[in-house]
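A structural walkthrough
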Amino acid sequence: MKALVLAGGSGTRLRPLSHSMPKQLVPVGDRPVLFHCLDAIGEAGITEVGVIVSVGPRGDEIRRAVGDGSAFGLRITCIPQDAPRGLADCVRLARPFLGDDDFVMYLGDNILAGGIAAHAEEFRRTRPVASVLLTRVDDPRSYGIAQLAGDGRVTRLWEKPAEPVGDLALTGVYFFTPAVHEAVAAIRPSARGELEITDALSWLVDDGQDVRGEVFPGYWKDTGRIEDVLECNRVLLDRLEADCRGLIDPDSVIVGNVVVEPGATVIRSTLVGPVVVRAGTEIRDSHVGPYVTLGRDGVLDRAGITDSIVMDEVSVQDVRGIHGSLIGRQARVRQAAAPASGHRLVLGDHTRIEVVA
């Protein structure tokens, strides 16, 4: 079995952050979303991975991040896509890589805590034509929706139905045999001009082929919005184990599961876990956590931050009350003159703001 990971797209719901970095490289639980996907694929015993990447700087950044896959125990082939034309079009584009092998298609901006190993093994054992992982959602109008028979067969699918037709949404993980290629070749673009994977699955269902659905029992999240990224970060950080190997002075207080990497420094500060402090970051006279990840080579000086993701080389000075924020690389946050009761920040890369004191 091979894997096809979709890491293209522009991530418009994560703007302004996604103006300057691929949405799949936004860190949650202290690792880029895409890395969690690759970890899950490796844990499922799959080593050959094709990654769909955009043509241009975002695709180049993903290529650099994943390399040849050896860091993940994988062999990665990047497959360029000049424009997004739907999930089924990614299957068409990757046909030379996929050949006649079974494969799992995994959307690179989705998190499935607990992984897909058990589901991959079940697919190998039973080998239906296709199998989709599903989850129950509150608003079916925002998702591809599947209807199941009592034996787990998929009987019908809808793409973002205007009227509720059930609450079982496609999670973004699909297992396929090579039969899907015939379905992809048979469908036509939808009203929005894309080759929909739901249409390919529907073609297989209408052809009487065995398409299965399985409800994913664990935590799933599409990290398409700031709120989803922060929620996912909290869930993954709850699994954190304490590991403090950086420099922590005697006047600092560490509470709960905190990671301070070698090369990081904590001075006269309080860290309330779960918190991750990456190498090269210095924290002085600050209160951090819970649910905070701090990237490399940053500075927090007389700062206060909770429930936030702070990326590499960020400086926060004389600003407290930061909460529920996502701060991009090399951002600068410092105090200005007038009073304010609190601050919420969503900052893209290389930004500079002044926060009223």
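Higher on the page you've got the structure.
This report concerns the structure included in the present document. Just so it is clear, the model here is predicted, and its values are computed rather than measured. (Residues numbered from 1 in each chain as written. Predicted model: local features only at pLDDT ≥ 70, side-chain atom pairs only at ≥ 80, totals over all residues. Heavy atoms only, no water.)

**Side note on the overall build of the protein chain**
Keep this limit in mind: Here a helix means four or more residues in a row that DSSP labels H or I, a strand means two or more in a row labelled E, and each is numbered from the N terminus. Restricting the calculation to C-alpha atoms gives the radius of gyration, and the globule rule supplies 2.2 Å times the number of residues raised to the power 0.38. Working definition: with a 1.4 Å probe on protein chains only, accessible area under 20% of the residue-type maximum means buried, over 50% means exposed, and in between means partly exposed. Contacts are residue-level and defined by heavy atoms, with any inter-residue pair within 4.5 Å sufficient. Here, Shrake-Rupley sampling with a 1.4 Å probe gives the accessible areas, and only protein chains in the shown set may cover a residue. His residues and chain termini do not enter the charge count, which takes Lys and Arg as positive and Asp and Glu as negative. Charge coordinates come from a single atom per side chain, which is NZ of Lys, CZ of Arg, CG of Asp or CD of Glu.
On a plain count of helices and strands, the protein chain comes out with 8 helices and 32 strands. Here the C-alpha radius of gyration of the protein chain, 22 Å, is about what a compact globule of 357 residues would show, namely 21 Å. Taking all 357 residues of the protein chain together, the buried fraction comes to 53%. For the protein chain, restricting intrachain contacts to residue pairs at least 6 apart in sequence, the fraction spanning at least 24 positions comes to 49%. In the structure as shown, the protein chain presents an accessible area of about 15100 Å², 47% of it carried by carbon and sulfur atoms. If you average the places of the 39 positive and of the 49 negative side-chain charges in the protein chain, the two averages end up 3 Å apart.

**Topic: the environment of Leu 4**
Here Leu 4 is to be found in strand 1 (residues 2-6). Looking at Leu 4, the relative accessible area reads 0%, which means it is buried. Sequence-distant contacts of Leu 4, defined by excluding residues within four places in its chain, comprise Gly 50, Ile 52, Ile 79, Cys 90, Val 91, Ala 94, Leu 98, Phe 103, Val 104, Met 105 and Tyr 106.

**Comments concerning the nonpolar core**
Worth spelling out the cut-off: Residue types Ala, Val, Leu, Ile, Met, Phe, Trp, Tyr and Cys, when buried and joined through side-chain atoms within 4.5 Å, form a set referred to as a nonpolar core.
Ranked by internal contacts, the top residues of the largest apolar core, which has 36 residues, are Leu 34, Leu 38, Val 49, Val 51, Val 66, Tyr 106 and Ile 116. When residues of this core are traced back to their parent elements, those giving at least two are strand 1, helix 1 (33-43), strand 4 (48-54), helix 2 (57-66), strand 5 (75-81), strand 6 (103-107), helix 5 (117-126) and strand 11 (168-176). With 6 residues, helix 1 is the largest single contributor of residues to this core. Every residue in contact with Leu 34, bar those within four places of it in the chain, is listed here: Val 5, Ala 7, Gln 24, Leu 25, Ile 62, Val 66 and Gly 108. Ile 52, Val 91, Tyr 174 and Val 184 belong to the second-largest nonpolar core, a separate cluster that totals 35 residues.

**What about the sheet that holds strand 17 (residues 258-260)?**
For the record, the criterion: The rule for pairing is simple: two strands pair if DSSP sees at least two bridges between them. Here an angle of 0 to 180 degrees is reported between the N-to-C directions of two axes, which are lines fitted to C-alpha atoms, with helices fitted over the stretch in contact.
Read across the sheet, 7 strands follow the order 14-17-20-23-26-29-31 without closing on themselves; strand pairing throughout is parallel. Bordering the open sheet on either side are strand 14 (243-244) and strand 31 (346-347), each of which pairs with just one other strand. Sheet analysis places strand 26 (residues 308-310) next to strand 29 (residues 326-327), joined by 2 bridges and oriented parallel. Within the sheet, the bridge partner assigned to Ile 309 lies in strand 29 and is Leu 326. The strands that helix 8 (residues 226-237) touches are strand 20 (275-277), strand 23 (292-294), strand 26, strand 29 and strand 31; relative to strand 26, the one it contacts most, it runs at about 95°.

**Some thoughts on the pattern of salt bridges**
Test applied: Take a side-chain nitrogen of Lys or Arg and a carboxyl oxygen of Asp or Glu: if they are within 4 Å of each other, that pair is a salt bridge.
Within this structure, the stated rule accounts for 31 salt bridges. In this structure, Glu 121 engages Arg 124 in a salt bridge whose closest nitrogen and oxygen atoms are separated by 3.7 Å. With a gap of 3 residues between them, Glu 121 and Arg 124 both fall in helix 5, about one helical turn apart. Here Glu 121 falls in the partly exposed class, since its relative accessible area comes to 46%. Look at Arg 124 and you get partly exposed, because its relative accessible area is 33%. One salt-bridge network, held together by shared partners, links Glu 282, Arg 284, Asp 301, Arg 302 and Asp 318.

**Section: the packing of aromatic side chains**
To be explicit about the condition: Two rings from Phe, Tyr or Trp (for Trp, the six-membered ring) form a pair when their centres sit within 6.5 Å of each other. Planes less than 30 degrees apart are called stacked, planes more than 60 degrees apart edge-to-face, and all others tilted. Here, over-ring charges are defined by two tests on the NZ atom of lysine or the CZ atom of arginine: distance to the ring centre within 6 Å, and angle to the ring normal within 35 degrees.
Considering all chains together, one arrives at 5 aromatic pairs under this definition. Arranged with centres 6.1 Å apart and planes meeting at 5°, the rings of Tyr 174 and Phe 176 form a pair that is stacked. By relative accessible area, which is 0% here, Phe 176 ends up buried. Its guanidinium or amino end placed over the ring of Phe 97, Lys 2 lies 4.9 Å from that ring's centre, counting from NZ or CZ.

**Details of the side chain of Thr 281**
Our working rule: N or O atoms closer than or at 3.5 Å make up a polar contact, with two conditions inside protein: a donor-capable atom paired with an acceptor-capable one, and, for residues adjacent in sequence, both atoms drawn from side chains.
Mapped onto the elements of the fold, Thr 281 is located in the loop between strand 20 and strand 21 (282-284). With a relative accessible area of 2%, Thr 281 lands in the buried category. Within polar-contact distance, the side chain of Thr 281 engages the backbone nitrogen of Gly 298 at 2.9 Å. Contacts of Thr 281, omitting those with residues within four sequence positions, involve Gly 263, Ala 264, Thr 265, Gly 295, Arg 296, Asp 297 and Gly 298.

**Topic: the packing of helix 1 against helix 2**
Note the cut-off: An angle counts as roughly parallel when it lies under 35 degrees, as roughly antiparallel when it exceeds 145, as roughly perpendicular when it falls between 65 and 115, and as oblique in every other case. Rotating anticlockwise by less than a right angle from the far helix to the near helix defines a left-handed crossing, while the corresponding clockwise rotation defines a right-handed one.
Running from N to C, helix 1 and helix 2 cross one another at 50°; their axes reach a closest spacing of 11 Å. With respect to each other, helix 1 and helix 2 are oriented oblique. Crossing handedness for the pair helix 1 and helix 2: right-handed. Across from Leu 34, Phe 35 and Leu 38 in helix 1, the residues of helix 2 making contact are Ile 62, Ala 65 and Val 66.

**As for unusual backbone geometry**
In this chain, Gly 273 is followed by Pro 274 through a cis amide linkage whose omega measures 5°. On the secondary structure map, Pro 274 appears in the loop between strand 19 (270-272) and strand 20. In the segment running from Gly 289 into Pro 290, the intervening peptide bond is cis, with an omega of 10°. Examined against the element boundaries, Pro 290 turns out to sit in the loop between strand 22 (287-288) and strand 23.

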